[in-house]
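Okay, here's what each chain looks like letter by letter:
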Amino acid sequence: MDSEDDMHDAHDVESLDDDFYSGDTPMGSEDGDAEYDFVDNESEDSEDVTSHRQQQSYTILSVSDIRQRQEEDIHRVSTVLSISRVAACVLLRHYKWSVSRVHDEWFADEENVRKVVGLLEKPVEMPNARELPCGICFESYSSNEMTAAACGHPFCSACWRGYVGTAISDGPGCLMLRCPDPSCGVAVGEDMIRMLASDEDKQKYSRYLLRSYIEDNRKTKWCPAPGCEFAVEFVMGSSSYDVTCNCSYSFCWNCTEEAHRPVDCATVAKWILKNCAESENMNWILANSKPCPKCKRPIEKNQGCMHITCTPPCKFEFCWLCLGAWSEHGERTGGFYACNRYEAAKQEGAYDESERRREMAKNSLERYTHYYERWATNQSSRQKALADLHSMQNEKLEKLSDRQSQPESQLKFIIEAWLQIVECRRVLKWTYAYGYYLLENEYAKRQFFEYLQGEAEAGLERLHQCAEKELQVYLEAEAPTKDFNYFRTKLAGLTSVTRNYFENLVRALETGLRDVGPSGNQANANKNTSPKSLLGGKGGKSGKAKVIGTSSRSGDEAWTMATIGLASTAPTRTRGRQTCARCANSTGRFGLCCLLLCD
Amino acid sequence: MLDTSRVQKELAEGNRDTETSGVSIALHDGADLTHLSGTITGPVGTPYEGGVFVIDIRLPSGYPFEPPKMQFVTRVWHPNISSQNGAICLDILKDQWSPALTLKTALLSLQALLSAPAPDDPQDAVVAQQYLRDYQKFVGTARHWTETFAKSASVGMDEKVKKLVEMGFPEDAVRAVLEATKGDENMALEKLCSG
Ligand SMILES: [Zn+2]
Ligand SMILES: [Zn+2]
Ligand SMILES: [Zn+2]
Ligand SMILES: [Zn+2]
Ligand SMILES: [Zn+2]
Ligand SMILES: [Zn+2]
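Just so you know, these numbers come straight off a predicted model, no measurement behind them. (Residues numbered from 1 in each chain as written. Chains lettered and ligands numbered in written order. Predicted model: local features only at pLDDT ≥ 70, side-chain atom pairs only at ≥ 80, totals over all residues. Heavy atoms only, no water.)

Digging into the interface of chain B and chain A
Item 1. Every contact between the two is made by 18 residues of chain B and, on the other side, 18 residues of chain A.
Item 2. When the two sides are added together, the surface that chain B and chain A hide from each other amounts to roughly 1,300 Å², 63% of it contributed by carbon and sulfur.
Item 3. Applying the counting rule to chain B against chain A returns one salt bridge.
Item 4. For the salt bridge of Glu139 of chain A with Lys9 of chain B, the shortest nitrogen-to-oxygen distance reads 2.5 Å.
Item 5. Between chain B and chain A we count four residue pairs in polar contact (both at pLDDT 80 or more) in total.
Item 6. When the residues that make up the side of chain B that touches chain A are grouped by side-chain class, the tally is six nonpolar, four polar and eight charged. (Contact = heavy atoms within 4.5 Å. Buried area = accessible area lost by both parts, 1.4 Å probe. Salt bridge = Lys/Arg side-chain N within 4 Å of Asp/Glu carboxyl O. Polar contact = N/O pair within 3.5 Å; in protein donor to acceptor, adjacent residues only side chain to side chain. Nonpolar A, V, L, I, M, F, W, Y, C, P; charged D, E, K, R; others polar.)

What follows is the structure, encoded as structure tokens:
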């Protein structure tokens, strides 16, 4: 069958009307639909409820929840309209399980509804004769061997079974089955199916009925995770489409791709299409090994963060993404984190036409490669982080609690850090799809975007590295380490700081970077970057010696060096600088001076 | 699988009133009950009047619970029938099929389709466009096709044309000569060789 549409209904005027109710209307544009008892108490204008709203904007339904709701709806219709359960089910299926619409239509014009759906007011008896011809096989049978729907059109049992069986194996159209008589159109409901179908077909039918309840209803969808049986009911008009199923998969309710906030569905669709088209070119990116930029030996990436250290004796520290020295990532050398930016190779001198073309083609592939690699690598990094999170929850936390003599309740900050990493990898990944489509000529927007993305990414790399590598020391320790409290402060601090960076990034992208005018106002950029902190413009007196002094304690030179770098040597990059809330030192981007270093 | 007793009943029933209905059904090659051949006459007052249209019928194993597969063998110019391969766009041969329908009712529906084209749901976009934009021209083409392919003298014309073209004669010449000889292959061949 070509479509699931009710076959006998295709020419009804009613089906035109159906389109109005089918899922084509834009999100959030429906009003006065009172069929479910959602109470939206939250005021529309308050920003503070955003996170609260997100929790309230959907409900996860298990198979038994679905059956229960379906049964309740059928019962309601059957009670209100005083019709049989089977008839109520046929009606609801026809009107896409909208109880309110069934009521409206029925009370507006019951006769017409009955005609359209195929429900007779009074059943018609089969013709009163000893023998009756079957309308399908044309044989005659005694009337007690014949069966008919409410219309009384008799068919033999074998033909009924063939009819019902074929309809069920044809697909969900069987839910709208009608009497086989072409002039009739009376509904063949679940009672007939129970009587006539094989056990296997009955099960199929009941699965279709369940699926229909989710799939034909505008407010519900199945979770797209493979093998997952939960459905999601969504409150239209909610601020975010992202939902997280009970199976832990997060997806976009609107387009059912994996969750992609803050990037919009259209960009995601374009990006996925692009990836399919380029997949052959890009396979190599997904490879897990690259030659060390220094010693050329193949190095495998088996960790989540991008800070790679080559195996001894080389030990070269480099960035997985750009293969540049890690020491140059961050402000240490006076630049700020720039691994996220794509800079087209500067072309100099005159090119002939064909050379220029070749160069452009190369550039466009190169440009795509840049974004795709970062998108894909953050994806795999997220997978790794997810696995690490689970192993942390399932075994390592207990071990750590043991080694460090800390109650597990005191180790929640580690789980929080990992949850933050998983979420940030997802967001960061999608910002690369966003970046790819951000027009080259929107210079100010692009600059601001790359700045925010760079800040967020740099923060995430530090957080990820801390959770991944530094934690290892405490896990392996024989006895409680006195540094552990320091580690706690640092990881919790990095978690909260990274969260802030990503919140800024998400907010900026969701408002379409609109705070950046065509002139690329820096003050604007500043305000958005760190809305909660004071802007520090006082120069780099953050105590280099002090920081370096503490760096030996932290055991993370790269981190501390990077932190002071901005403050001390990057006068042109002061946008991201913050003032430490406690000591009023200007601290560089992390605003963590007191938390980690000033005490 | 296939309900052979029903097919046999349908064969008998289908040919009961051929004179008045203009519909006939026969086995395609005498033995295979799943491969039939139907004919319908072109409805009076349409560009198909006077033509006899041959329809190839294949019965799937699920017949009559699944619809029969029908296709025009005779070439026909009609918005809902492919001018290339005779494929038919008709709801009762697809999702509107009911096992209580028969081959005869299906053929009668095809006959009705010849009377009442549905250009908004076309099988052949070129024909449908012509039908909507230049109805007179459509009627002309449809009539010409009926004359050329569906008149009794020209039944099987295509096979003859194909045969002669394969011998190396140009198609235009072959058609002209076959028309002149009223479809007599031998005479046509003679003419072609001498001409
Ligand atoms: Zn029967
Ligand atoms: Zn009936
Ligand atoms: Zn799920
Ligand atoms: Zn989406
Ligand atoms: Zn190396
Ligand atoms: Zn890099």
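Additional details are given in the paragraphs that follow.
Concerning the packing of helix H7 (residues 171-180) of chain B against helix H8 (residues 185-194) of chain B
For any two helices packed against each other, the geometry comes down to the angle between their axes and how far apart the axes lie.
All names here are of chain B.
Item 1. Where H7 meets H8, the closest approach of the two axes is 9 Å, and the angle between their N-to-C directions is 130°. As far as their axial angle goes, H8 and H7 are oblique. When you trace H7 past H8, the crossing you get is right-handed. Residues Ala173, Val174, Val177, Leu178 and Ala180 of H7 pack against Glu185, Ala188, Lys191 and Leu192 of H8. (Axes fitted to C-alpha atoms, helices over the stretch in contact; angles between N-to-C directions. Helix = DSSP H or I, 4+ residues; strand = E, 2+ residues; numbered from the N terminus. Parallel < 35°, antiparallel > 145°, perpendicular 65-115°, else oblique. Left-handed = near helix turned anticlockwise from the far one by under 90°.)

Quick word on the coordination of the zinc ion (ligand 3)
Residues and elements named next belong to chain A.
Item 1. Each protein donor to the zinc ion (ligand 3) is listed here as Cys223 (SG), Cys228 (SG), Cys245 (SG) and Cys247 (SG); together their distances run 2.2 to 2.3 Å.
Item 2. Taken together, the four donor atoms coordinating the zinc ion (ligand 3) and their angles of 106 to 116° define a geometry best described as tetrahedral.
Item 3. Sequence positions of the donors to the zinc ion (ligand 3) reduce to the motif C-x4-C-x16-C-x1-C. Note that Cys228 is positioned in the loop between strand S6 (220-222) and strand S7 (231-234) and Cys245 in the loop between strand S8 (242-244) and strand S9 (250-252), a separation of 17 residues in sequence.
Item 4. Judged by its relative accessible area of 16%, Cys228 is buried. (Donors = N, O, S within 2.8 Å, 3.2 Å for Na, K, Ca; no water. Tetrahedral: all angles 85-135°; square planar, octahedral: opposite > 155°, others 65-115°. Buried < 20%, exposed > 50% of the residue type's maximum accessible area, 1.4 Å probe, protein only.)

Examining the pairing of S7 of chain A
Residues and elements named next belong to chain A.
Item 1. Judged by which residues are buried, S7 turns out to be covered on both faces: Ala231 and Glu233 on one side and Val232 and Phe234 on the other are all buried.
Item 2. The pairing of strand S1 (residues 58-61) with S7 spans four bridges and is antiparallel. Paired with Leu61 across the two strands is Ala231, which belongs to S7.
Item 3. Where S6 meets S7, three bridges bridge the pair, whose relative direction is antiparallel. Pairing of Thr220 across the sheet is with Glu233, part of S7. (Pairing = 2+ DSSP bridges.)

Comments concerning helix H7 (residues 157-170) of chain A
Residue and element names in this part refer to chain A.
Item 1. With 14 residues, H7 extends 20 Å from end C-alpha to end C-alpha; this agrees with the ideal 20 Å at 1.5 Å per step.
Item 2. Considered for burial, the residues of H7 that qualify are Cys159, Trp160, Gly162, Tyr163, Val164, Gly165, Thr166, Ala167 and Ile168.
Item 3. Summarising the contacts, the buried residues of H7 are in contact with strand S4 (146-147), strand S5 (155-156), helix H8 (190-196) and helix H9 (199-215).
Item 4. After H7 finishes, the residue Gly171 shows a positive phi value of roughly 125°. (Expected span 1.5 Å × (residues − 1).)

Structural notes on the packing of helix H3 (residues 63-81) of chain A against H9 of chain A
Residue and element names in this part refer to chain A.
Item 1. The geometry of H3 relative to H9 is characterised by a closest axis approach of 10 Å and an angle of 85° between their N-to-C directions. In terms of orientation, H3 and H9 fall into the roughly perpendicular class. Across the interface between the two elements, Val63, Ile66, Arg67, Arg69, Gln70 and Asp73 from H3 touch Ser206, Leu209, Leu210, Tyr213 and Ile214 from H9.

Here's the deal with the sheet that holds strand S1 (residues 23-27) of chain B
All names here are of chain B.
Item 1. Ordered in space as S1-S2-S3-S4, the four strands form an open sheet in which the pairing is antiparallel. Unpaired on one side and paired on the other, S1 and strand S4 (69-72) mark the two borders of the sheet. Strand-to-strand, the axes of this sheet are offset by a mean angle of 25°, without reference to chain direction.
Item 2. As paired elements, strand S2 (residues 35-41) and strand S3 (residues 52-58) share seven bridges and run antiparallel to each other. The residue of S3 that forms the bridge with His35 is Arg58.
Item 3. Contacts from helix H1 (residues 4-14) reach S1 and S2 within the one sheet, and its direction differs from that of S1 by about 140°.

Description of the pattern of salt bridges
Item 1. Counted according to the given criterion, the structure contains 31 salt bridges over all chains.
Item 2. A single salt-bridge network, built from bridges that share partners, covers Glu71, Arg85, Glu190 and Arg194 of chain A.

Considerations on the side chain of Thr102 of chain B
Item 1. Here Thr102 of chain B is to be found in the loop between S4 and helix H3 (103-115).
Item 2. For Thr102 of chain B, a relative accessible area of 14% puts it in the buried group.
Item 3. In contact with Thr102 of chain B, other than residues within four places in its own chain, are Phe138 of chain A together with Arg6, Glu10, Tyr63 and Trp97 of chain B.

With respect to the confidence of the model for chain A
All names here are of chain A.
Item 1. Chain-level pLDDT for chain A is 77 on average; 72% of the residues reach the 70-or-more range.
Item 2. Across residues 1-54 the pLDDT falls below 50, and counting only partners more than four positions away or on other chains, this stretch makes 82 contacts in the model.
Item 3. When the criterion is pLDDT under 50, residues 518-599 qualifies, and its contacts beyond four places in sequence or with other chains add up to 156 contacts. (pLDDT = per-residue confidence, 0-100.)

Details of the sheet that holds S1 of chain A
Residue and element names in this part refer to chain A.
Item 1. Here we have three strands laid out as an open sheet, ordered S1-S7-S6, and antiparallel in their pairing. Sheet topology places S1 and S6 at the edges, where each strand pairs with a single neighbour. Here the strands of the sheet are splayed against their neighbours by 25° on average, with no regard to which way each runs.
Item 2. Across the sheet, H3 is in contact with S1, S6 and S7; its angle to S1 comes to roughly 105°.
Item 3. Across the sheet, H9 lies against S6 and S7, angled at about 125° from S6, the strand it touches most.

Re the environment of Ile60 of chain A
All names here are of chain A.
Item 1. Relative to the helices and strands, Ile60 resides in strand S1.
Item 2. Look at Ile60 and you get buried, because its relative accessible area is 14%.
Item 3. When the C-alpha atoms of Ile60 and Ala231 are compared, they prove to be 5.8 Å apart, with 171 residues separating the residues in sequence.
Item 4. Those residues in contact with Ile60 that sit more than four places away from it in its chain are Asp65, Phe230, Ala231, Val232, Thr244, Cys245 and Asn246.

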